[in-house]
Protein chains: 2
Amino acid sequence: MRNLCEDVGAVNFSEKTPVSNQQIQNAYHHGNLSSDILQRAVEIIDEQGLDALSLRGIAKDLGVSHAAPNRHFKNKASLLSAIATGGWMQLRDATLKAADATASDNPNVRLNAMGRGFMRWALRNRALFRTLLHPDVARFADDDLTEAMLEFSASVSDAVQASQRQGRLSDVPLPIVSLFTNAVPMGAALLLINPLLSADHPDFEQFEEEELIHQVINLVVPI
Amino acid sequence: MRNLCEDVGAVNFSEKTPVSNQQIQNAYHHGNLSSDILQRAVEIIDEQGLDALSLRGIAKDLGVSHAAPNRHFKNKASLLSAIATGGWMQLRDATLKAADATASDNPNVRLNAMGRGFMRWALRNRALFRTLLHPDVARFADDDLTEAMLEFSASVSDAVQASQRQGRLSDVPLPIVSLFTNAVPMGAALLLINPLLSADHPDFEQFEEEELIHQVINLVVPI
DNA sequence: AAACATAAGTAGACGACGTCTACATTAGTT
DNA sequence: AACTAATGTAGACGTCGTCTACTTATGTTT
């Protein structure tokens, strides 16, 4: 069960290899079933939405029997948990890498980069990002998922705190600053992703994605 | 079909009357079935989550046959659409009333109040708020839902534009300001609602809800 | 190398669900 | 009073999640 988490970390969901790195060991034992299931699940969510996701459908797509996925995921909720766990890990890596890429030790520069890294990842992994925020994911969160979430959250919190020591919004309580700082990339990404919500802003077409992200994040963490 | 929308507007989801204002006309014809279905649906989402919502379950709870709901909602997606339509209407009313309650014509004061009204509503109608943002709701949005969403969006856009004419962030393109302004209450509410995400901020317990909202919104729309 | 526990797959069954069709009952109009 | 539309019922169908019992491969122990 715990090693599932490491599996997830290793899989790159966004790379769409043709569903099987499977070094077909033989016809009976599939080889990479659990990671193939995760990969296919994200594809389905992307293409047909979360309510079109079924364990049986995945099994059929992968050419295994309908009950095979049960050997790797206790139930559907735990599949969602595993997907979300991998997503939070990716999101944390993306934000931290963005901070490191600045090669700066200015907390504001780093925090700004993290905000942009967050949005960039969210906009390029839309289905996965939506899954992270899905109510039923949080509801049935297992320990792995909770841990991954907390790790992400801690890495952001540290950066916010550092920037506050640098003087950014230093007169506002930390939890408030933290909430505010997290809310902008999260809310903005959600708004941009939602077809309903961005439908009334065809204005956005005038911006390059990177430019749009840049301008929004600058309003939260000026540099 | 169109009149469904008016039904929704009339129902107050948050009032938990014991499921039936039904003036039981007789045993066969239920009387208020469609609005009772909506009401019960929101209760279920609140208590057991969206994936526990079933048309058959609602029918059983209301004491009608399993196929009765199909007379009022073409399918499950259209039930979700109707729920969301009512939600957006409530949300728009809540924000506009908050603005009017200031009895001010200062655009910044009004916009600030709208942000607080938004968050207040979201935190007090959590299940409904989550449903508004549910990916499968947007995916199968019908015309009523789209219209309700656009009406909400327009009312916020107007307020943002007015505040920009007043000098707030006047050097930033309107779509960016709009995105930023919307992102904060939406993201903040989402973060506060998510049990996973707010778990690492037990810090929030030190704040009254209203005080918390006040401080966060002041960071987006200072007055 | 043989024996054996365990991991990983299969087939079949069960109840719940969404949705369709055919039919029954009531409400409203003419 | 008769007709039509709205609203509810019963039954059926295919899909789904999940459980159980069984089968096959893997890998460790002896």
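Procedures and definitions
- Residues numbered from 1 in each chain as written.
- Chains lettered and ligands numbered in written order.
- Predicted model: local features only at pLDDT ≥ 70, side-chain atom pairs only at ≥ 80, totals over all residues.
- Heavy atoms only, no water.
- Salt bridge = Lys/Arg side-chain N within 4 Å of Asp/Glu carboxyl O.
- Least-squares fit on C-alpha atoms with pLDDT ≥ 70 in both.
- Contact = heavy atoms within 4.5 Å.
- Axes fitted to C-alpha atoms, helices over the stretch in contact; angles between N-to-C directions.
- Helix = DSSP H or I, 4+ residues; strand = E, 2+ residues; numbered from the N terminus.
- Parallel < 35°, antiparallel > 145°, perpendicular 65-115°, else oblique.
- Left-handed = near helix turned anticlockwise from the far one by under 90°.
- Nonpolar A, V, L, I, M, F, W, Y, C, P; charged D, E, K, R; others polar.
- Buried area = accessible area lost by both parts, 1.4 Å probe.
- Polar contact = N/O pair within 3.5 Å; in protein donor to acceptor, adjacent residues only side chain to side chain.
- Phe/Tyr/Trp six-rings, centres within 6.5 Å; stacked < 30°, edge-to-face > 60°.
- Buried < 20%, exposed > 50% of the residue type's maximum accessible area, 1.4 Å probe, protein only.
- Expected span 1.5 Å × (residues − 1).
- Core = buried A, V, L, I, M, F, W, Y, C linked by side-chain atoms within 4.5 Å.
- Arc of directions from axis to C-beta.

Trainee: Looking at this structure, I do not really get the pattern of salt bridges. What am I missing?
Mentor: Opposite charge on two side chains allows them to pair when their charged atoms are near. Counted by the stated rule, this structure contains 16 salt bridges over all chains. Each member of the salt-bridge network shares a partner with another, and the members are Arg40, Glu43 and Asp61 of chain A.

Trainee: Which parts of the structure should I look at to understand the relation of the copies chain A and chain B?
Mentor: The two chain copies are connected by a rotation around an axis plus a translation along it. Taken as rigid bodies, chain A and chain B are interconverted by a rotation of 180° and an axial shift of 0.0 Å, the fit giving an RMSD of 0.0 Å. What the superposition gives is, in effect, a two-fold axis relating one chain to the other. Identified as the residue of chain A closest to the rotation axis by C-alpha distance is glycine 187 of chain A, at 2.0 Å. A share of 100% of interface residues in chain A that are also interface residues in chain B marks the association as one of identical surfaces.

Trainee: I'm lost on the packing of helix α5 (residues 107-124) of chain A against helix α11 (residues 209-220) of chain A in this one. Help?
Mentor: When two helices pack together, their arrangement is given by the angle between their axes and by how far apart the axes lie. All names here are of chain A. For the pair α5 and α11, the least separation of the axes is 9 Å and the interaxial angle reads 135°. Here α11 runs oblique to α5, going by the angle between their axes. Taken as a pair, α5 and α11 cross one another with a handedness that is right-handed. Across the interface between the two elements, Asn112, Gly115, Arg116, Met119, Arg120, Leu123 and Arg124 of α5 pack against Glu209, Glu210, Ile213, His214, Ile217 and Asn218 of α11. Tallied by class, residues from the contact of α5 with α11 come to 4 nonpolar, 4 polar and 5 charged.

Trainee: Honestly, the packing of helix α4 (residues 76-101) of chain B against helix α8 (residues 143-165) of chain B in this entry has me stumped. Any pointers?
Mentor: Residue and element names in this part refer to chain B. Orientation of α4 relative to α8, taken along the N-to-C sense of each, is 15°, at an axis distance of 8 Å. Overall, the two elements α4 and α8 adopt an arrangement that is roughly parallel. α4 and α8 meet at a crossing whose hand is left-handed. Touching Ser81, Ala84, Thr85, Trp88, Met89, Leu91, Arg92, Thr95 and Leu96 of α4 are Asp144, Leu145, Ala148, Met149, Glu151, Phe152 and Ser155, all from α8. A per-class count over the contact of α4 with α8 returns 9 nonpolar, 4 polar and 3 charged.

Trainee: When you look at the interface of chain A and chain B in this model, what are you seeing that I'm missing?
Mentor: By a widely used convention, the size of an interface equals the accessible area lost when the partners come together. Listed by partner, the interface residues are 55 residues for chain A and 55 residues for chain B. Three residues stand out in chain A for area buried against chain B, namely Leu179, Leu196 and Leu219 of chain A, and they jointly supply 15% of the buried area on that side. One can count 0 salt bridges joining chain A with chain B. There are 3 residue pairs in polar contact (both at pLDDT 80 or more) connecting chain A and chain B.

Trainee: Teacher, can you tell me more about the packing of aromatic side chains here?
Mentor: Residues and elements named next belong to chain A. Counting across every chain of the model gives 7 aromatic pairs over all chains. Note on phenylalanine 118 and phenylalanine 129: the rings are 5.9 Å apart at their centroids and 85° apart in plane angle, and the pair reads as edge-to-face. Here phenylalanine 118, found in helix α5, pairs with phenylalanine 129, found in helix α6 (residues 126-133); they are 11 residues apart in sequence, far enough to count as distant. Residue phenylalanine 118 is classed as buried on the basis of its relative accessible area, which comes to 4%.

Trainee: Can you help me understand the side chain of asparagine 112 of chain A in this one?
Mentor: Turning to its location among the elements, asparagine 112 of chain A is positioned in helix α5. Setting aside residues no more than four positions away along its own chain, asparagine 112 of chain A makes contact with Ile217, Asn218, Val221 and Ile223 of chain A.

Trainee: Before we go on, may I ask you to explain α4 of chain B in this structure?
Mentor: Residues spaced three or four apart along an α-helix point in a common direction, a consequence of the helix completing one turn every 3.6 residues. For α4 of chain B, with 26 residues, the first-to-last C-alpha span of 37 Å sits near the 38 Å given by 1.5 Å per residue. Alanine 103 of chain B sits one or two residues past α4 of chain B and shows a positive phi near 55°.

Trainee: How should I be thinking about the nonpolar core in this particular structure?
Mentor: One recurring pattern in soluble globular proteins is that nonpolar side chains are buried together. Judged by nonpolar contacts, the single largest core of 136 residues is most densely connected at Leu79 and Phe129 of chain A together with Leu79 and Phe129 of chain B. In contact with leucine 79 of chain B, other than residues within four places in its own chain, are Ile37, Leu38, Ala41, Leu53, Leu55, Ile58 and Phe73 of chain B.

Trainee: Would you mind showing me how to read helix α3 (residues 55-62) of chain B here?
Mentor: Residue and element names in this part refer to chain B. Along α3, the residues that are buried comprise Leu55, Ile58, Ala59 and Leu62. Seen end-on, α3 carries its buried residues on one side only, within an arc spanning 100°. Set apart from the buried face of α3 by more than 90 degrees, the exposed residues are Arg56 and Lys60. Check the buried side of α3 and you find it contacts α2 (33-48) and α4. A positive phi of about 75° marks glycine 63, the residue just after α3.

Remember, this is a structural readout, not a statement about activity or role.
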